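The primary structure of each chain is shown beneath.
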Amino acid sequence: MLKSKTFVKKTRAGGVMKIVREHYLRDDIWCGSDICAECKQESAVLQRDASIESNLCSYPHYVLPDTNVVLHQIDVLENPVIRNVIILQTVLQEVRHRSAPVYKRLKDIIHEKEKHFYTFTNEHHRETFVEREPGESANDRNDRAIRVAAKWYSQHLEKSRAEAEGFKVVLLTNDQGNKQKAEESGLLVYRCEEYIKSLIANPELVDCLALSNDDKNDITSSKVIFPEHLPLSRIQAGIKSGTFLQGTFRASRDNYLEASVFVQGEGEDSTEVLIQGLQNLNRAVYQDLVAVQLLPRNQWVAPSSIVLQDEGAGKDDNEDDNEEDKEDKSLKSAAESARKPTGKVVGIIKRNWRPYCGMLNLSQIKESTRHLFTPADRRIPRIRIETRQASTLAGHRIMVAMDGWPKHSRYPNGHFVRSLGSAGDKETEQEVLLLEHDVPHQAFSQAVLSFLPKMPWAITPDEMARREDLRHLTVCSVDPPGCTDIDDALHCRDLDNGNLEVGVHIADVSHFIRPGNAMDIEAANRGTTVYLCGKRIDMVPELLSSNLCSLRSNVERLAFSCIWEMNHKAEIIKTRFTKSVINSKASLTYAEAQMMIDATKNDDVTKSLRGLNKLAKILKKQRIQKGALTLSSLEVRFHIDSETHDPIDLQTKELMETNSMVEEFMLLANISVAQKIFDEFPDCALLRKHPAPPPSNYDILHKASKSKGVEIHTDSAKALADSLDVARLDGFPYFNTLLRILATRCMMQAVYFCSGMDSDFLHYGLASPIYTHFTSPIRRYADIIVHRLLAVAVGADGTYPDLMDKQKQSALSNNLNYRHKMSQYAQRASVAFHTQLFFRSRGILNEDGFVLFVRKNAIIVLIPKFGLEGTVFFDAKDKAGPTLVFDEEGPTLKVEQHTFRMFDKVKVTISLDASNIQHQKIRMSLIEPVIAGVSVPGPHVEPQAKKPKLDG
C-alpha cells in the first residue's frame, strides 16, 4: 500500500516546486516473536520463554520502552538481565536524532544475539502506521504511534496461538500523560523505575537507574547554592551581541575552585577566561560547552598557585560553606600584572558528560544509601549517588554516570553503572586507564571480523600479476625485541652503474582494509594501536596485525615499496613507488642487526645492513646540517616476571646505531611519499606538521642554561640544534642530556592536517618543508589513508569520494590527533602505574637525581637511572615548614640557607605513597644536600642478591 504526501516549496529563484513524498506500508513485517504462528519469519528474535522474576509482572512478557526511557536508562537496558525487548522504529529514529552516543549503544545491544532485542518497523506496517493529526505536535504523534504499536503487539500475540495465553507486552514510559492515555486504551504500562524496582531477583539494577526529576528534587535541599542557568535563547542572544562568550570549560587538576574557559576566536586566535570560586564555576563540568560573562576589570584575578583538592567529608547541602568562602578569598590576592580576564559561567550550551571511573566514599551515616563518589580524574567534581551495595563496592573501582546538577545541590547527582574490580588490581587499573583515556578497547565485533580474509590465505595469481615481484631481493626487518606487528622492511644492493638501490617496503594494509567497510570504520575510529606495558590494544584484528600484514621472515607478503636509486653520497637520483610482493630473509632485533654489522661475516643480509647503515649516517648528518633537532626524552623499559607479570627491573632504554639506521630510512620514505601525494592531490593530501614553538616557550630553557653560564640560541631550529651541540660543562656529562630533555618540553605537538585546509606545512623538529606518515599502517590509520592516496597517484588502486573531500579529511585528522594524544597519555599512565608496582615491591630506595624544575614550594627531580620524575615538597601540612624564598627570575628556591637551581645534583629517597588508594604516587624526600629539619637520613638499603642477567 502506498501513501503519499504532496506539498509545494518555494525555490531560491522564486519559483514554486511540487514535492511528492511516498511512504510504503506493508503487510509482511513480522513481529519477531518465537510464539507467533501467523508471521512467516525464518528466525525469531524474541524468546518463547520470556520470564523474569518480578513482583509486578509474574507472567511471561516482552518489554517495549518509549524514547525517553531508552535515552535516559540506557545503562539499565545494557544490563544482561534485561532481555526480550521490542525497539520500535519510531523510538530508534528519535534516539538517533537526539543522542548519537546512546544511538550507537542501542545499535550495539540490538546486534547482541543473547540480548534478544527486536527492531519492529512500525512506521511501515499497515496496522501500526499513524498519520500526524492537524494541531498535533511531532512528540505527541510519536507517543501515539508507540501506544498503537504496543496495542497491536498485545492483540497480535493474543490471537496467535493457545500457548501465548497470559503472554503480555509491557510498555515502559516515564511520561505521566503518555502513561495515562495508555492505561485508558487498556495497555499494560509502568514507569521504568516501578518496573526495575519490581525485579526482585536483581536488586542491583536499581542502582543503575538514572534519576528522574522527581528524585533529583527529593535528594537536594531547599537552599539555593548556585545561580540559575540562563535559558538557551538568552545565551544565544548574548553571544550574538557580544555580552557572553562561548567556550570549552577546562577544570583545574590542582584546584577544584578554579578553571579556565577556552574561547576560540577568528582563525588560530583563542582567549582564555579564568573562572574562580564555586558560584562563578556554577556547576560546569570539564569539557562542557559553556557561556561565560566577563567580570569588570577591577574583579579580575590571577591564576592561583595554591593546590586545593576537594577531599573533605562530603559537605551537606545545608552546611555553611565558610571553609570554601575562605578558600575563595585566598585565591584573590595577586599582583596586578599577573591578573587575567576573569568571568563567571552563566549557562551551559552543551554537556559533554561521559561515564566516570573512580571510587566510593562511604557515608558516615549508618544504613545510608546516599554516598559520594570520587572520580579518578581530579578535574571532575565528586558525584552523589544512591546505592544499596555500598559495603560491597568499598575498595572497588566503579563506573558512575552523571544525571544532573540542580542549583540546590553542592554536588551533581548520578547513578552507578558497573563495578570494574578491586582497586590496585593490575587488570582493574588497566581497564580504568583505558576508559579514562577514551581508548576503544572492546573486542572486535562480528561485523568487523567478517571482513577478514578466509584462512588459509595465499597470494592469488591475479594479485601477483598486478604487482612487482621483489621476492628475490635480500629484504630484512629490524625491530624491538618481541615485535609481532612488523610494518617495515629494508633492502640495499649494488647496481651495475655503480649506484645503490635502496628499498623501504611497508605492509600493504590498505589491500585488506577496503574503504567504508566495518573494519575500515572501526580502524578510523581507533586511529592508532595503543602500547601499554605488557599489553597492546590493536587498531586492526590480530590476524592482520600479527600475521597477514606483518612482514615476517621467510613468508610471502604484500607490500607497498618506495625504491630509490642513490649514489654513495646518499643523494637521490630516482624515486619510484610500487605495489609489490616480498619475502623477507630475516626478522632481526636492533641488537642482532648491530652485532651482524659489527661482526666479520659477509653474507647477503649483512652486506645489505652495512650498506644501509653507511647511507643512514650520511643522511642523518645532512639532516642535522639542515637544522633537524636531536632531542631527548627518557623512555623506560620494564623487565616483566614471566610468572606474575609484575615488573622486576626498571631501566632506561638504550639506543643503538641500528635504531638510527631504521629511523633515517623511515623519515626519507615519509618525506618522499608526502611530496608525491601533495604533487598529485594538493587539496586533499593527509600530511603531518610540527609548528615552530612561540619564543615564550623557550623561557625556561634560557633560564636553565644561563644559570650554568651557557648560551642557547632559539631563533631557528638550526640555531637551537647547533647551540645544543656545543652546550657542554666540564665535570657534568649529563648536562647536555638535561638540556635536550628540557628543549623537548618546549616543543609544540605535531599534528595531522589536510593540505587543502592549511598553508603552513613545516615540520620544525625534522627541518623538513613537508612530511607525512606512510611507514606504519598496521598501527596508525593515517598511514592507511596515505597508502590509498599514493595508490591512486601511481595508478595501483581506484579512488572514492571521501578520499578527495577535504572537509572529511580534515575531520578525520582531528579524530586522529585526538586518538594519538590520548594514546600517549594512556602510555604514560601505564608506565606510571608499573613504576608504582615496581616501587611497591622495592620498599625505599636511595638514588641520585637532578633538579629539573623549581617551584614555589617544591623541586621536581629527575632520576636518570629510572627515567622517573618526582616532586620533593618543602611545606608540611601538619607542622610548621622551613623558610622558603622563591625567585621567579632565576628560578631559584631558597630553603632555609640552601638555594636550589635547575640542574642541581641531589640525592633522594624514593618510595610509594599508597595512603590514597585511588591516587597512589611516588614520594621523594631529600637526603643531600643536608638541610636541618628538611632532609632525611638515608636509610640503610640492603644490597640485593645478584639478579640473573636479563637480555634485551
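*Asks:* Please clarify how the overall build of the protein chain should be interpreted in this entry.
*Replies:* Counting secondary structure elements, the protein chain contains 26 helices and 38 strands. Out of the 952 residues belonging to the protein chain, those deemed buried represent 51%. Considering only contacts in the protein chain between residues 6 or more positions apart, those separated by 24 or more positions represent 68%. Put simply, the protein chain shows about 46,000 Å² of open surface, and 50% of that area lies on carbon and sulfur atoms.

*Asks:* How do you make sense of the sheet that holds strand β35 (residues 892–895) when you look at a structure like this?
*Replies:* Two modes of strand pairing occur in sheets, parallel and antiparallel, and in both the strands are linked by backbone hydrogen bonds. Strand order in the open sheet made by the three strands is β34-β35-β36, with antiparallel pairing throughout. Lying at the two open borders of the sheet, with one neighbouring strand each, are β34 (884–887) and β36 (898–900). On average, each strand axis in the sheet is inclined to that of its neighbour by 20°, with strand direction left out of account. One ladder, built from four bridges, connects β34 with β35; its direction is antiparallel. By the bridge assignment, L884 is partnered in β35 with V895.

*Asks:* Looking at this structure, how should I read the packing of aromatic side chains?
*Replies:* Note on aromatic pairs: each is described by the distance of the centres and the angle between the planes. Scanning the model with the defined rule gives 11 aromatic pairs in all. Plain terms: the ring middles of W457 and F512 are 5.5 Å apart, the flat faces sit at 55° to each other, and that makes the pair tilted. Taken together, the residues span a long stretch of sequence, with W457 in the loop between α14 (446–449) and α15 (461–465) and F512 in helix α16 (residues 509–512) at a distance of 55 residues. By relative accessible area, which is 8% here, F512 ends up buried.

*Asks:* Sorry, what's going on with the pairing of strand β21 (residues 500–507) here?
*Replies:* Successive residues of a regular strand alternate their side chains across the two faces of the sheet. Summarising burial for β21: eight of the eight residues are buried, a large majority. Bridging between strand β20 (residues 488–494) and β21 involves seven bridges; their strand directions are antiparallel. Across the sheet, the residue bridging to L490 is V504, located in β21. The hairpin formed by β20 and β21 contains five residues between the paired strands, and G498 there has a positive phi angle of roughly 95°. Relative to strand β24 (residues 556–566), β21 runs antiparallel, the two sharing eight bridges. Residue pairing across strands places L500 opposite M566, the latter belonging to β24.

*Asks:* I would appreciate a short explanation of the side chain of S705 in the present structure.
*Replies:* Structurally, the position occupied by S705 is in helix α22 (residues 699–707). On the basis of relative accessibility, which here comes to 1%, the residue S705 falls in the buried class. Of note is the side chain of S705, whose polar atom sits 3.0 Å from the backbone oxygen of H702. In this structure S705 touches V710, I712 and L739, once residues within four positions along its chain are discounted.

*Asks:* Would you mind showing me how to read the packing of helix α3 (residues 89–98) against helix α5 (residues 138–158) here?
*Replies:* Each pair of packed helices gets described by two things: the angle between the helix axes and the distance between those axes. Remark: α3 packs on α5, axes separated minimally by 9 Å, with the N-to-C direction vectors making an angle of 145°. Of the residues in α5, those touching α3 at T90, V91 and E94 are N139, R141, N142, A145 and I146. Residues that form the contact of α3 with α5 fall into these classes: three nonpolar, three polar and two charged.

*Asks:* Looking at this model, I keep getting lost on the side chain of H773. Mind explaining?
*Replies:* Structurally, H773 can be placed in the loop between β30 (751–754) and α25 (781–793). Residue H773 is classed as buried on the basis of its relative accessible area of 9%. A distance of 2.7 Å separates the side chain of H773 from the side chain of Y752, its partner in a polar contact. For H773, the residues in contact, after removing those within four places along its chain, are N670, R688, Y752, R780, A782, D783 and V786.

*Asks:* Would you take a moment to explain the sheet that holds strand β33 (residues 868–873) for this structure?
*Replies:* Judged by pairing direction, the sheet is antiparallel, and its five strands sit side by side in the order β33-β32-β31-β37-β38 without closing on themselves. Of all the strands in the sheet, just β33 and β38 (921–928) have a single pairing partner and so form its edges. Within this sheet the neighbouring strands show an average axis-to-axis angle of 45°, counted without direction. The sheet contact formed by strand β32 (residues 858–863) and β33 spans six bridges and is antiparallel. When the sheet's bridge partners are listed, I859 is paired in β33 with V872.

*Asks:* How do you make sense of the pattern of salt bridges when you look at a structure like this?
*Replies:* Opposite charge on two side chains makes pairing possible when the charged atoms of those side chains draw close. Counted by the stated rule, this structure contains 46 salt bridges. Among the ionic pairs, E78 bridges to R105, the shortest N-O distance being 2.7 Å. In this pair, E78 is assigned in helix α2 (residues 74–78) and R105 in helix α4 (residues 100–111), connecting sequence segments 27 residues apart. Note that R388 is salt-bridged to D207, the shortest N-O span being 3.7 Å. Here R388 is found in the loop between β15 (383–386) and α12 (390–393), whereas its partner D207 is found in the loop between α7 (192–197) and α8 (213–218), with 181 residues between them in sequence. Through salt bridges with shared partners, one network takes in E463, R466, R467, D508 and K579.

*Asks:* Is there a simple way to think about the packing of α3 against α4 in this case?
*Replies:* Running from amino to carboxyl end, α3 crosses α4 at an angle of 140°, the nearest separation of the two axes being 6 Å. Considering the angle they form, α3 stands oblique to α4. Relative to α4, the crossing made by α3 is left-handed. Side by side, α3 and α4 meet where L92, V95, R96 and R98 of the first sit next to A100, V102, Y103, L106, K107 and I110 of the second.

Cut-offs used in this document
- Residues numbered from 1 in each chain as written.
- Predicted model: local features only at pLDDT ≥ 70, side-chain atom pairs only at ≥ 80, totals over all residues.
- Heavy atoms only, no water.
- Helix = DSSP H or I, 4+ residues; strand = E, 2+ residues; numbered from the N terminus.
- Buried < 20%, exposed > 50% of the residue type's maximum accessible area, 1.4 Å probe, protein only.
- Contact = heavy atoms within 4.5 Å.
- Areas by Shrake-Rupley, 256 points an atom, 1.4 Å probe, with all protein chains shown as cover.
- Pairing = 2+ DSSP bridges.
- Axes fitted to C-alpha atoms, helices over the stretch in contact; angles between N-to-C directions.
- Phe/Tyr/Trp six-rings, centres within 6.5 Å; stacked < 30°, edge-to-face > 60°.
- Polar contact = N/O pair within 3.5 Å; in protein donor to acceptor, adjacent residues only side chain to side chain.
- Nonpolar A, V, L, I, M, F, W, Y, C, P; charged D, E, K, R; others polar.
- Salt bridge = Lys/Arg side-chain N within 4 Å of Asp/Glu carboxyl O.
- Parallel < 35°, antiparallel > 145°, perpendicular 65-115°, else oblique.
- Left-handed = near helix turned anticlockwise from the far one by under 90°.

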